[in-house]
Protein chains: 2
Amino acid sequence: MENQGILRIGIVGSGNVATHLAKAISLSKHHLIQVLSRNIDHAKRLTNNTNAEAIDKPKLLKSELDILILALKDEVLHSNLISQFPRDTIICHTSGSVSMQPFIGFPKHGIFYPLQTFSKQKEVDFNEIPICLEANSEAVLQKIHSLASSISKHVYEINSQQRKSLHLAAVFACNFTNLMYNISEKLSRESGLDFEILRPLIKETAAKVQEHLPAEVQTGPAVRNDNLILNKHLKLLENHKDYQDIYRILTNEIKTTNEEL
Amino acid sequence: MENQGILRIGIVGSGNVATHLAKAISLSKHHLIQVLSRNIDHAKRLTNNTNAEAIDKPKLLKSELDILILALKDEVLHSNLISQFPRDTIICHTSGSVSMQPFIGFPKHGIFYPLQTFSKQKEVDFNEIPICLEANSEAVLQKIHSLASSISKHVYEINSQQRKSLHLAAVFACNFTNLMYNISEKLSRESGLDFEILRPLIKETAAKVQEHLPAEVQTGPAVRNDNLILNKHLKLLENHKDYQDIYRILTNEIKTTNEEL
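So, how was this worked out
- Residues numbered from 1 in each chain as written.
- Chains lettered and ligands numbered in written order.
- Predicted model: local features only at pLDDT ≥ 70, side-chain atom pairs only at ≥ 80, totals over all residues.
- Heavy atoms only, no water.
- Pairing = 2+ DSSP bridges.
- Helix = DSSP H or I, 4+ residues; strand = E, 2+ residues; numbered from the N terminus.
- Axes fitted to C-alpha atoms, helices over the stretch in contact; angles between N-to-C directions.
- Contact = heavy atoms within 4.5 Å.
- Salt bridge = Lys/Arg side-chain N within 4 Å of Asp/Glu carboxyl O.
- Buried < 20%, exposed > 50% of the residue type's maximum accessible area, 1.4 Å probe, protein only.
- Arc of directions from axis to C-beta.

Trainee: Summarise the sheet that holds strand β1 (residues 8-12) of chain A; cite the residues concerned and give the values.
Mentor: One key point about sheets: their strands pair by backbone hydrogen bonds, in either a parallel or an antiparallel sense. All names here are of chain A. Pairing is mixed across the open sheet formed by eight strands, whose spatial order is β3-β2-β1-β4-β5-β6-β7-β8. Each of the sheet's edge strands pairs with one partner strand only, and the pair in question is β3 (53-55) and β8 (155-157). When strand polarity is set aside, the average angle formed by the axes of neighbouring strands in this sheet is 25 degrees. Sheet topology places strand β5 (residues 90-93) next to strand β6 (residues 109-114); three bridges connect them, and they run parallel. The residue of β6 that forms the bridge with Cys92 is Gly110. Lying over the sheet, helix α4 (residues 138-151) contacts β1, β4 (67-70), β5, β6, β7 (131-135) and β8, oriented at roughly 170 degrees with respect to β7. Packing against the sheet, helix α5 (residues 160-190) makes contact with β5, β6 and β7, and its axis sits at approximately 20 degrees to β6.

Trainee: Account for the sheet that holds strand β6 (residues 109-114) of chain B, naming residues and giving values.
Mentor: All names here are of chain B. Strand order across the open sheet formed by eight strands is β3-β2-β1-β4-β5-β6-β7-β8, with mixed pairing between neighbours. With one partner strand each, in any of the chains shown, β3 (53-55) and β8 (155-157) form the two edges of the open sheet. Pairwise comparison of adjacent strand axes, ignoring direction, gives a mean angle of 25 degrees for this sheet. Pairing analysis gives four bridges linking strand β4 (residues 67-70) to strand β5 (residues 90-93), with the strands arranged parallel. Bridge pairing in β5 places Ile69 opposite Cys92. Where helix α1 (residues 16-26) meets the sheet, it contacts β1 (8-12), β2 (31-36), β4 and β6, and its direction lies at approximately 165 degrees from that of β1. The sheet contacts of helix α5 (residues 160-190) involve β5, β6 and β7 (131-135), and relative to β6 the element is tilted by about 20 degrees.

Trainee: Residues and numbers for the pattern of salt bridges, please.
Mentor: Opposite charge on two side chains allows them to pair when their charged atoms are near. Residue and element names in this part refer to chain A. Enumeration according to the criterion identifies 20 salt bridges over all chains in this entry. The residue Glu196 makes a salt bridge to Arg199 at a minimum N-O spacing of 2.9 Å. Accessibility expressed as a relative area gives 35% for Glu196, which makes it partly exposed. Residue Arg199 is classed as buried on the basis of its relative accessible area, which comes to 9%.

Trainee: So what's going on with helix α7 (residues 227-236) of chain B? Which residues, and what values?
Mentor: Residues and elements named next belong to chain B. Here α7 has its buried residues at Ile229, Leu230, His233 and Leu234. Down the axis of α7, the buried side of the element spans an arc of 140 degrees, and every buried residue falls inside it. When the buried face of α7 is taken as reference, the exposed residues oriented beyond 90 degrees from it are Leu228, Asn231 and Lys235.

Here it is as structure tokens:
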């Protein structure tokens, strides 16, 4: 019997996604019932300050759970572990790059993919994190949508193909962007400058595209076709052949993109 | 005669840097006296709502100015225009990549380089913008430091060699980062997804390195050495040979950097 739309949630995993998700759900109107991890101490870390129970075996999962969220590494989703979970609960995973295929054999299943970069050290406001949903039926979609919208303002329904493209886009927007930060940090450090000096620029560059499209706010020597500076920069990178290659290929891409506009 | 350390400032130029600088100085304890632009209407746009005078010829510059800031394109700094400016005023430029060489012949000169990406459409809080200073004498440095610290909390003294490296680092941290955003926007658009969905991720990626070093917070399939996903992504990019090349080179760089740690 449902209690006025209150859902009973179980989480499997104890990594970054599981940690932040457990916290957000425990603060929502829904009930976090159990957290499962092979390492009971890890599970306890997540249930700390909540009413949820920490468990370390799939067979301890309660039959009353409405939704079981697997916040696990991709390879684990393809492993035998999956077969040990109950069939009568809605089962979801949080991966950007795995389809619903591991859930064939589960009558009610879906995807609950939060698009964000999580670290254990840093708090996040889950309310601002886009959650991308997919489900094998309208009834399942309604349930996981109810959960998603209780912890985030931004809920999207996207299919597996779109999710894969989104995950790829996120590699550029997040992982490769962080590499650019890392290179800039090394270059400034080598000149005896503190990374602190670059932080406001990084913040503003991200702030600009919150309101504009990136193509509208591209700046720098490449988009100005300022070959004098471009050549000076390549020369400065003479002792970093790898950065030189990266500088060249990204500069060419900016030039080409700009010509197409 | 100085009025309790109040400096009288002139600005040459009417682009993004000149615009934001004029505004910040007019709100500071110092006095913005004149704005010079070849196009008088452009100069007037900057003096609007200030007590400053708009002028369109170097010979109209007042002899009482303490500091004249040239917020001009690099190529103009190397042009004959420079010879038309008064010799008894401190003269500075705002470029990240030009040395003090154009000011040989000016007894008091320096650099006033704000490290930020400016757009006319978007307001900036100058107080948060690092200003990098260099001067040909201690007396000049003191004057431009007084001006810089009246409009920003972050004032650095760096030499020309450091400034060139910083400008190069900024290309990675800002211009190339924006290219990454642009590619992610295109990839999401091609899948029928709104860029809106990626914006919180971009914001958080920049927020993370405000407190941590980029190397500490690198995430994604490359740093995990997740070749299954890396190959899937390369396959997804089959119709974008240029993005495929960029994906490959940046992935290799992340892998190499990670091995060095």
